[in-house]
Amino acid sequence: MTVAGIDLSANEFWGLPLAERAASFTLLRAQQRPQFFAEPEVPFAFERGPGYYALVRHADIVEASRNPEVFSSRRGATSITDLPVEFNEYFGSMINMDDPRHARLRRIVSRAFTPRMIARFENDVRRAATAIVDDLLAAGPCDFVPQVAARLPLKVICDMMGVPDDQYEMVLTKTNIILSGFDPEFISADPDEVAIQLLGAGQELAELVTGLAAARAQAPADDVVSALVTANIDGEQLTSAELASFFILLVVAGNETTRTALSHALMLLTEFPEQRALLLADLEGRIGGAVEEIVRHASPVLFMRRTLTRDYTMNGQDYREGDKAVLFYYSANRDEAVFADPERFDITRAPNPHVGFGAPGPHFCLGAHLARHEITVMLRELLTRVPDITAGEPDRLLSSFINGVKRLPCEFAS
Ligand code: HEM
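Below, the structure is looked at part by part. (Residues numbered from 1 in each chain as written. Predicted model: local features only at pLDDT ≥ 70, side-chain atom pairs only at ≥ 80, totals over all residues. Heavy atoms only, no water.)

## Describing the site of the ligand
Now for step 1: Close contacts around the ligand come from 26 residues, with His102, Arg106, Arg306, His363 and Cys365 the closest.
Now for step 2: Interatomic distance of 2.6 Å between a side-chain N/O atom of His102 and an oxygen atom of the ligand.
Now for step 3: One nitrogen or oxygen atom from the side chain of His363 is found 2.6 Å from an oxygen atom belonging to the ligand.
Now for step 4: Elements that contribute at least two residues to the shell around the ligand include exactly α5 (101–109), α12 (240–271), β4 (303–308) and α16 (368–385).
Now for step 5: Top element by residues in the shell around the ligand is α12. It accounts for six residues. (Near = heavy atom within 4 Å. Polar contact = N/O pair within 3.5 Å; in protein donor to acceptor, adjacent residues only side chain to side chain. Helix = DSSP H or I, 4+ residues; strand = E, 2+ residues; numbered from the N terminus.)

See below:
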């Protein structure tokens, strides 16, 4: 393998066996400077820029995240190619904004993530996890993704936003389209169709939440949507367009990511049985460390993008205004300068300064606490009641953005 042979923009790269993919990033991290790649071809007629620097070291990613005035999200954080600004804000809300607009939105939506609100979901999360394992035991060995991994995050977000049960399937299908990464299983191969499917998926999610918001505006309740659409003492509240976009961000950011972490959790506990034994020997004592290590190793979000607002030099590399930098969290989480023996899954790893939820900075994952809680509760329930559950061969999502798993056969005797 040579550096010249690595193309992070090629779809095939993301379909490589995981060990080969990891080895490619090891090679990229060993280079003196971040490599420059031509932009991927997307099935849209949007303008294709010259390319991007791939930031693969932990130090680069931490520094870029700490300097949002230089490394801006406004031109798009979730897509390497430029998309129209309206498209970015519609699908990405504050993840594709810089302060002060980002800060205003984050201030308002943080109301949904206060310790009091989260504490309320905690009971729901536990109940949901119990029901999921009940169903798993009734079903017997099956596909872990729809049966377990996809169910909990979807239920939690839908409950949080007051989405009725009969709409869950619709939310899941639309989220899959938006985050398909152009995997043909979820989205058309015809470029014109793709745009229509994406906008249609956004539209349906937007309509759903607009209806919920209208009901809450009439009769406010002690729930998240009410908290978002009612003004606070400073008169701040979300407009209905902002609420719709935030909802799309929440379902997209909160579902696929946590689902991916849970699927990888089962794969890792299967691949490293001694770590499973260690965890089972002291579940409460070690589960916190296990969750962090799962998020590090799985890196459900593979990258976020930034765009340089001015010329800047970082760790010896000169960047020019307008340059794109792609922060490969997956690689930073394997940086041997920070993590000894990084491919090893080690639930006792301490410290574990992974950047799976992003690096410290204004965009650090808003749902990190909730996600950690969901993974903890699901694993606790699963390992207590089905301790011998193992994973078969995963069918992976073909995406450079989400380290997703589409199907994962599971086996157990209990
Ligand atoms: C294991 C699960 C998760 C992972 C790996 C993950 C990862 C990330 C990452 C890497 C970012 C940083 C974006 C950036 O720097 O540009 C982010 C942002 C965000 N995440 Fe998560 N996330 C997870 C779960 C969740 C959940 C459960 C929610 C909500 C319920 C959520 C909501 C958000 C939001 C709203 C942002 C944008 C924050 C901002 O721009 O200020 N995430 N997440």
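## Thoughts on the nonpolar core
Side chains of a nonpolar character, in soluble globular proteins, are inclined to be buried together.
Now for step 1: One finds Leu8, Met161 and Phe328 to be the most contacted residues of the largest nonpolar core, which totals 140 residues.
Now for step 2: The residues contacting Leu8, other than those within four sequence positions of it, are Phe13, Trp14, Phe25, Leu28, Phe37, Tyr52, Ala54 and Phe328. (Core = buried A, V, L, I, M, F, W, Y, C linked by side-chain atoms within 4.5 Å. Buried < 20%, exposed > 50% of the residue type's maximum accessible area, 1.4 Å probe, protein only. Contact = heavy atoms within 4.5 Å.)

## Overview of the packing of helix α4 (residues 85–92) against helix α10 (residues 191–218)
The description of two packed helices rests on the angle between their axes and on the distance between the axes.
Now for step 1: Running from N to C, α4 and α10 cross one another at 45°; their axes reach a closest spacing of 11 Å. Viewed along their axes, α4 and α10 adopt a mutual orientation that is oblique. Like other packed secondary-structure pairs, α4 and α10 cross with a definite hand, here left-handed. Across the interface between the two elements, Phe87, Tyr90 and Phe91 of α4 pack against Leu198, Leu199, Gly202, Gln203 and Ala206 of α10.
Now for step 2: Its residues assigned to classes, the contact of α4 with α10 shows six nonpolar, two polar and no charged. (Axes fitted to C-alpha atoms, helices over the stretch in contact; angles between N-to-C directions. Parallel < 35°, antiparallel > 145°, perpendicular 65-115°, else oblique. Left-handed = near helix turned anticlockwise from the far one by under 90°. Nonpolar A, V, L, I, M, F, W, Y, C, P; charged D, E, K, R; others polar.)

## Observations concerning the pairing of strand β2 (residues 52–55)
Now for step 1: The alternating pattern of β2 places Tyr52 and Ala54 on one face and Tyr53 and Leu55 on the opposite face, and all of these are buried.
Now for step 2: The pairing of strand β1 (residues 35–37) with β2 spans three bridges and is classified as antiparallel. Across the sheet, the residue bridging to Phe36 is Tyr53, located in β2.
Now for step 3: Note that β2 and strand β7 (residues 324–328) share three bridges and pair parallel. Within β7, the position partnered with Tyr53 by the bridge is Ala325. (Pairing = 2+ DSSP bridges.)

## Here we look at the coordination of the iron atom of the ligand
When four donors bind a metal tetrahedrally, each ideal donor-metal-donor angle is 109.5 degrees, and when six bind octahedrally, the ideal angles are 90 or 180 degrees.
Now for step 1: No other protein atom reaches the iron atom of the ligand as a donor apart from Cys365 (SG), found 2.3 Å away.
Now for step 2: Secondary-structure assignment places Cys365 in the loop between α15 (329–332) and α16. (Donors = N, O, S within 2.8 Å, 3.2 Å for Na, K, Ca; no water.)

## What to know about the packing of aromatic side chains
The relation between two aromatic rings is expressed through the spacing of the ring centres and the mutual angle of the planes.
Now for step 1: Tallied over the full model, the rule gives 16 aromatic pairs.
Now for step 2: Measuring from centroid to centroid gives 5.7 Å for Phe71 and Tyr312, while their planes differ by 90°, and the two rings are edge-to-face. Placement of Phe71 in strand β3 (residues 71–72) and of Tyr312 in strand β5 (residues 312–314) is noted, with a sequence separation of 241 residues between them.
Now for step 3: In this structure Phe71 comes out as buried when scored by relative accessible area, which is 1%.
Now for step 4: On the basis of an interplanar angle of 65° and a centroid distance of 5.1 Å, the ring pair of Phe303 and Phe401 is categorised as edge-to-face. On the criterion of sequence distance, the pair formed by Phe303 in strand β4 and Phe401 in the loop between β9 (395–396) and β10 (405–407) is long-range, its members being 98 residues apart. (Phe/Tyr/Trp six-rings, centres within 6.5 Å; stacked < 30°, edge-to-face > 60°.)

## Some thoughts on the sheet that holds β3
Now for step 1: The strand order across the open sheet built from five strands is β1-β2-β7-β4-β3, with neighbouring strands paired in mixed fashion. Both edges of this open sheet fall to β1 and β3, since each of them pairs with a single strand only.
Now for step 2: Against the sheet, helix α3 (residues 58–66) makes contact with β2, β3 and β7, and its axis sits at roughly 120° relative to β7, the strand it touches most.

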